[in-house]
Amino acid sequence: MKTYGIDIWGENNFMIDQGKIKVNYKSSPSLLEITQQVRKTNLRGPLILRFPHLISKQIDALYSNFRRAIFENDYTGKFHAVFPLKVNQFPEAVDAIVELGEKYSYGLEAGSKAELALAMAKTAIGAPITVNGFKDEEMVTLGFMAAQMGHNITITIEGLGELEWIIDVAQSCGLKVPNIGIRVRLQSEGSGIWAKSSGMSAKFGLTSTELIEAMLMLQENNMLEHFSMIHFHIGSQMQDIAPLKRVLREAGNIYAELKKMGADNLKAINIGGGLAVEYSQHTSTRMRNYTLEEFSNSVVFLLREIMNAKGVAHPDIFTESGRFIVASHSVLIAPVLELFSHDYQAKSLKLKENNPPLIEELRELNSLLSPRTCIEYMHDALDHMESLLTLFNLGHIDLQDRSNAEILVHQIIKKSLYLSQDNPMPEIERLQVKLQERYLINTSIFQSIPDYWGLQQQFPIMPLDRLDIPAIRAASLWDITCDSDGEIRFKAETPLYLHDIDLDEEEYFLAFFNVGAYQETLGMNHNLFTHPSECTIIINDTGYEIENFTESDNVLNILEDIGYDASKLLTNLKNKLASSDFRTEEEKSDTLQKLEMYLYQNGYLRTTR
Ligand code: PLP
């Protein structure tokens, strides 16, 4: 049976039991029963299930690992963490993070004015707020307002211009001055696709020369006392631990030098994000070579070594890892709408009294298939298909013959796959690439896993049930956008096998895991498919509660959101329909009602054949 790599990416968050994927927590509900429960409301389309207990698990793991490393290394600095809002700003995620992190004084990181306003509203007084990214005078002033409110806020400057804003605002507004952080530009680079956040050509950070100048500016303006943190970010999804060590050595030494230069209130190093998530379902494409334990040990140990060598007190450590905190908490459920080979069902075969010889041969191959002969016959069938297509193109066989040939070849392929399933052969694996089955899924790749579209990033995918039945169809997935990029192709190196399902008889759902980080906010409304419906699942000892259910936008709202006047559009459509010819008044009023109903439904597909 296939386990879809759950032991690689699953972190014991999910388990396979009695053929179903279940949440490995308290009453262990299956994802299928939750999905079916939510769909009882007649909901159609994709669904995001949020599991806040998985956010809690990650926050606990982060703090407990760093606290343990601090204890074991006799480290005298403290550990603090903030959640970077850019990773997931959705209210259900942020509210859960703030609530579940309260016991640790877990804070928030903001990178824009909107995120800063959110951080100021949501962070408990005392928990840290850090502010990164490019800023203007207004954003800097917002930071002063946060300090005035009593927030423990650090504004990290990305360039000297921002420091000038801070000095100007401090001199002009009379508000409490926030802590000042400086992002340092390091020579060392990270690893992975987001590694360009560090290194000399990085977008952010001050060079050594600029650092010295910043110190002078702060001194001259009597603001050095507010300089409390240096910051770097190695890049998201750091695959390898080695570059982190190099970066830490560099940043640690910069910290110690700045202390020696008189930055007496400098007391923290913010190591940014970087903690990776395992997205791979296949051993050969694993995405990180370290654990959180190793990561925390490395950070604490290295900083201790550098500070001890330079005779500097151990700094507090801040992290801003967000991917690690929220990726696992949400699961995208996508209903399968169609299997394309089902166009080739045996019942559609319309053989003639006299069929072309090659079609007769295909019939024979189909009837004589056995585990011993299946590979040979599959080869023969594919060969015959090619010849039949040539005959069709030359006008020697008609469309009915061509249709019969296609159906017979598909039947032979399917049967051969079943017959060889107990004895998988390399040749079958090779043929799978050619013979893949296309599954149409009721979701948008652009909206729900944009990093797959933009960066080819993998996400673990598996069916919700039938996990005790062999899955033998090499699957490629097509989303419902009118865009050929909306496809996850079957790849021999990272294969996905799914079940052969008759969707007229039964439902089939796919789950996409680890979609809680970045995907929701990066999601694009391509073809006007918007954020999926979502709900929060609170699991208890005896069952679970479904909370915060929000359905995906209805068609009129979608249009309203991009600037159309929805009521004018509706009136326009109703008028056009009403002024057309109907056989009866009843038909007219039914159709008008239907029009309105459809436009108030969410924009994903509801019924298909
Ligand atoms: N902090 C900063 C400054 C970032 O730019 C980022 C993301 O790139 C993060 C934190 C979050 O990092 P991660 O995605 O590794 O959680």
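As the structure is a computational prediction, the values presented were derived from the model and not from experiment. (Residues numbered from 1 in each chain as written. Predicted model: local features only at pLDDT ≥ 70, side-chain atom pairs only at ≥ 80, totals over all residues. Heavy atoms only, no water.)

### Let's talk about the nonpolar core
Link 1 in the chain: In this structure, Phe14, Leu31, Phe51, Phe227, Phe295, Leu477 and Phe512 are the most contacted members of the largest nonpolar core, which totals 144 residues.
Link 2 in the chain: Residue-level mapping places this core at the junction of two domains, with at least three residues from each of domain 1 (6–47 + 331–337 + 438–555) and domain 2 (107–266 + 276–292).
Link 3 in the chain: Leaving out residues up to four positions away in the same chain, phenylalanine 227 has contacts with Ile180, Ile182, Met215, Leu218, Leu258, Ala263, Asn265 and Leu266.
Link 4 in the chain: Ranked by size, the runner-up nonpolar core spans 24 residues in total, among them Leu358, Ile375, Ala381 and Leu431. (Core = buried A, V, L, I, M, F, W, Y, C linked by side-chain atoms within 4.5 Å. Buried < 20%, exposed > 50% of the residue type's maximum accessible area, 1.4 Å probe, protein only. Domains from an automatic or database assignment. Contact = heavy atoms within 4.5 Å.)

### Comments concerning the site of the ligand
Link 1 in the chain: Neighbouring the ligand are 16 residues, the closest being Ser236, Gly274, Glu320, Gly322 and Tyr518.
Link 2 in the chain: Side-chain polar atom of glutamate 320 to a nitrogen atom of the ligand: 2.7 Å apart, as the coordinates give it.
Link 3 in the chain: Backbone polar atom of glycine 322 to an oxygen atom of the ligand: 2.6 Å apart, as the coordinates give it.
Link 4 in the chain: When the ligand is considered free in solution it has 390 Å² of accessible area, and contact with the protein chains removes 93% of it.
Link 5 in the chain: A class-by-class count of the residues in the shell around the ligand yields 3 nonpolar, 9 polar and 4 charged. (Near = heavy atom within 4 Å. Polar contact = N/O pair within 3.5 Å; in protein donor to acceptor, adjacent residues only side chain to side chain. Areas by Shrake-Rupley, 256 points an atom, 1.4 Å probe, with all protein chains shown as cover. Nonpolar A, V, L, I, M, F, W, Y, C, P; charged D, E, K, R; others polar.)

### Some points on the domain arrangement of the protein
Link 1 in the chain: Under the domain assignment used here, the protein contains domain 1 (6–47 + 331–337 + 438–555), domain 2 (107–266 + 276–292) and domain 3 (556–599).
Link 2 in the chain: With centres defined by C-alpha atoms, the gap from domain 1 to domain 3 works out at 33 Å.
Link 3 in the chain: At the interface, 5 residues of domain 1 touch 8 residues of domain 3.
Link 4 in the chain: Roughly 670 Å² is buried in total at the junction of domain 1 and domain 3, and carbon and sulfur atoms are behind 59% of that figure.
Link 5 in the chain: Here domain 1 is connected to domain 3 by 0 salt bridges.
Link 6 in the chain: Put simply, domain 1 and domain 3 have 7 residue pairs in polar contact (both at pLDDT 80 or more) between them.
Link 7 in the chain: A class-by-class count of the residues in the side of domain 1 that touches domain 3 yields 2 nonpolar, 2 polar and 1 charged. (Buried area = accessible area lost by both parts, 1.4 Å probe. Salt bridge = Lys/Arg side-chain N within 4 Å of Asp/Glu carboxyl O.)

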